[in-house]
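# Observations on the model geometry
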Amino acid sequence: MSYSFNEYADREMLIIALANRIAGELRGALARAERVTMAVPGGTSPGPVFDDLNDVELDWSRVDVMLTDERWVPEDHERSNTKLLRERLLTGKAAEARLLPMFLPCEEPEARLDELAEQIRPNLPLSVVLLGMGADMHTASLFPGADNLDEALSRNAPILMPMRAPGADEPRVTLTAPVLDGALSKHVLIFGDEKRAALENAKGKSPKDAPINAVLDGAEVHWAP
Ligand SMILES: O=C(O)[C@H](O)[C@@H](O)[C@H](O)[C@H](O)COP(=O)(O)O
C-alpha cells in the first residue's frame, strides 16, 4: 500500500497547511457537486485544525460534516466527539455546515445504529476524510482486538458498526473500513515520535493487527514532532 508522508518542522506549520489542504479540497468538491461530506475524528489532535478550518471562507451551507467515530456518551459529555465538533469546528464561518449525527440517546449503540447509518448512506462516498491514529495503530474506532473488528474491516461491512475494545473506555460507533477507505481524499494526522514509530511498525502488518493499514492506500499522512 502506498501513502505520502508529509513531515512538518512543527505542529503549527502542519495545522496551517492541513487546514488549507482540506479547505481547498472542499472547495474543489463543491465545484463538482451540490453538497459534499467531510468526516473528521475526535480525540486530542484535530482541535487546532478545526480552529483554523472554521475560519475558512467557503460555502459551508453545502457541507455535511460527520465524525469518523464516536464514543457512546451523551453529546454534552466531556468525552463526546460531537461536543468537540460543535465547540471547535461547527462555529465561526463553519457554523452553517450540517452535522450528521453519530450519537442518539439510548443505552447501547446497537439500538439506533441502522437509523444513523441510513442518514449517512446518501452522503457516500465521503469527499474528504481526516483520520487520527493511536499508538496501537487504530484509526477511527477500529481498534486491534475489538469485538467487531473483522467485520468492520471486511469489504461488505455495513456503514457503521458498534465497537468495544480493551483500548476504548466506552462503547464506540465507527465508520467501517470500506467507508473510510472509499473517501475521495484521505488525510491522516499524527503528532509525535511514538505515533511515527507506530506507523513504521504497521508496515507489512495485516489490518487486523494494524487497522490503520485498511485506509492508508492513497492517503496523505501529516506528521510533526
Ligand atoms: O474518538 C477518538 O478518539 C478518535 O476519533 C480516534 O480515532 C482518534 O483519532 C485516535 O484515537 C487518536 O486520538 P488522539 O488524536 O487523541 O491521539
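In this convention, every chain numbers its residues from 1, walking through the sequence in written order. Where totals are concerned, whole chains, interfaces and linings use all residues; where local detail is concerned, this predicted model gives features only for residues with pLDDT of at least 70, and gives and counts side-chain atom pairs only at 80 or more. Side-chain measures here rest on the full set of heavy atoms in the structure, leaving out hydrogens and waters.

The name recorded for the chain in an unreviewed UniProt entry is 6-phosphogluconolactonase, from Roseivivax halodurans JCM 10272. UniProt, in its Pathway (unreviewed entry) section for the chain, records the words "Carbohydrate degradation; pentose phosphate pathway; D-ribulose 5-phosphate from D-glucose 6-phosphate (oxidative stage): step 2/3." Listed in UniProt under the heading Function (unreviewed entry), the comment for the chain reads: "Hydrolysis of 6-phosphogluconolactone to 6-phosphogluconate." UniProt positions are given in the numbering used here, feature names are shortened, and annotations may be inferred rather than shown by experiment.

## Examining the sheet that holds strand S10 (residues 220–224)
Here the rule is simple: two strands pair whenever DSSP picks up at least two bridges between them. Put simply, DSSP marks the helices as runs of H or I at least four residues long and the strands as runs of E at least two long, and each gets a number from the N terminus on. What the 7 strands build is an open sheet, ordered S1-S10-S9-S6-S2-S3-S5; its pairing is parallel. The open sheet is flanked by strand S1 (4–7) and strand S5 (98–99), the only strands paired with a single partner. Whether two residues are in contact is decided by their heavy atoms, any of which lying within 4.5 Å being enough. Between N-to-C directions, angles span 0 to 180 degrees; the directions come from axes that are lines fitted to C-alpha atoms, helices contributing only their stretch in contact. Docked against the sheet, helix H7 (residues 193–202) engages S1, strand S9 (186–191) and S10, running at close to 130 degrees with respect to S9.

## Section: the environment of Gly134
Examined against the element boundaries, Gly134 turns out to sit in the loop between strand S6 (128–131) and helix H5 (149–153). In this scheme, a residue with accessible area under 20% of its type's maximum is buried, one over 50% is exposed, and one in between is partly exposed, where area comes from a 1.4 Å probe on protein chains only. Overall, the relative accessible area of 10% leaves Gly134 in the buried class. C-alpha of Gly134 to C-alpha of Ala198: the two residues are 64 residues apart in sequence and 8.2 Å apart in space. Non-local contacts of Gly134, meaning those with residues more than four positions away in its chain, are made with Lys195 and Ala198.

## Digging into the layout of surface pockets
Using protein atoms alone on a 1 Å grid, points that fit a 1.4 Å probe yet trap it form a cavity, whereas open point sets bounded by protein on both sides within 12 Å along at least five of seven lines form a pocket; residues with an atom within 4 Å of a point count as lining. Grid points are joined across faces, edges and corners, and a volume is the space filled by probe spheres set on the points. Roughly 380 Å³ of internal volume is contained in the largest pocket. Residues of the lining of the largest pocket, tallied by class, amount to 6 nonpolar, 10 polar and 6 charged. Each residue is assigned to one of three groups, with Ala, Val, Leu, Ile, Met, Phe, Trp, Tyr, Cys and Pro labelled nonpolar, Asp, Glu, Lys and Arg labelled charged, and all others, Gly among them, labelled polar.

## Section: the pattern of salt bridges
Two side chains with opposite charge may pair up if their charged atoms get near one another. Salt bridge, as used here, is a side-chain nitrogen of Lys or Arg placed within 4 Å of a carboxyl oxygen of Asp or Glu. Evaluation of the coordinates by the stated rule reveals 22 salt bridges. We note a salt bridge from Glu110 to Arg164, for which the minimum N-O separation is 2.7 Å. Of this pair, Glu110 sits in the loop between S5 and helix H4 (113–120) while Arg164 sits in the loop between strand S7 (160–163) and strand S8 (172–175), placing them 54 residues apart in sequence. Across the salt bridge formed by Lys208 and Asp150, the nearest N and O atoms sit 3.5 Å from each other. Residue Lys208 is found in the loop between H7 and S10, and its partner Asp150 is found in helix H5; the two are separated by 58 residues along the sequence. Residue Lys208 is classed as partly exposed on the basis of its relative accessible area, which comes to 48%. One network of salt bridges, in which partners are shared, links Asp69, Arg79, Asp169, Glu170 and Arg172.

## What to know about the packing of aromatic side chains
Paired rings are identified among Phe, Tyr and Trp, the last through its six-membered ring, by centres lying within 6.5 Å, and are further divided according to the angle between planes into stacked (under 30 degrees), edge-to-face (over 60) and tilted (the rest). This model, assessed by the stated rule, comprises 2 aromatic pairs. Ring geometry for Trp72 and Phe103: centres 4.6 Å apart, planes at 55 degrees, overall tilted. Note that Trp72 is positioned in the loop between strand S4 (69–71) and helix H3 (81–88) and Phe103 in the loop between S5 and H4, a separation of 31 residues in sequence. Phe103 matches Trp72 in its accessibility class, with the two residues each being buried. Throughout this description, the term charge over a ring refers to an Arg CZ or Lys NZ atom that lies within 6 Å of the ring centre and within 35 degrees of the ring normal. Positioned above the aromatic ring of Trp223 is the side chain of Arg196, whose terminal nitrogen or guanidinium carbon lies 4.4 Å from the ring centre.

## So, the sheet that holds S7
Strand order in the open sheet formed by 3 strands is S4-S8-S7, with antiparallel pairing between adjacent strands. Two strands lie at the open edges of the sheet, namely S4 and S7, each paired on one side alone. Direction aside, the axes of adjacent strands within the sheet are offset by 20 degrees on average. Where S4 and S8 come together, 3 bridges link them in antiparallel fashion. Among the inter-strand pairings, Asp69 is bridged to a residue of S8, identified as Thr174. Strands S7 and S8 of the sheet are contacted by H4, whose axis makes an angle of about 145 degrees with S7.

## Some points on the pairing of strand S3 (residues 63–67)
The buried fraction of S3 is high, at 5 of 5 residues. Of the two faces of S3, both are covered, the one formed by Val63, Val65 and Leu67 as well as the one formed by Asp64 and Met66. Of the strand pairs in this sheet, strand S2 (residues 36–40) and S3 are connected by 5 bridges, and their pairing is parallel. Counterpart to Met38 in the pairing with S3 is Val65. Once the chain exits S2 it traverses helix H2 (residues 47–53) before rejoining the sheet at S3, and the crossover so formed is right-handed. Where S3 meets S5, 2 bridges bridge the pair, whose relative direction is parallel. Directly across from Val65, in S5, lies its bridge partner Leu99. Seen with its strands pointing away from the viewer, a crossover is right-handed when the path leading from the first strand over the helix to the second is clockwise.

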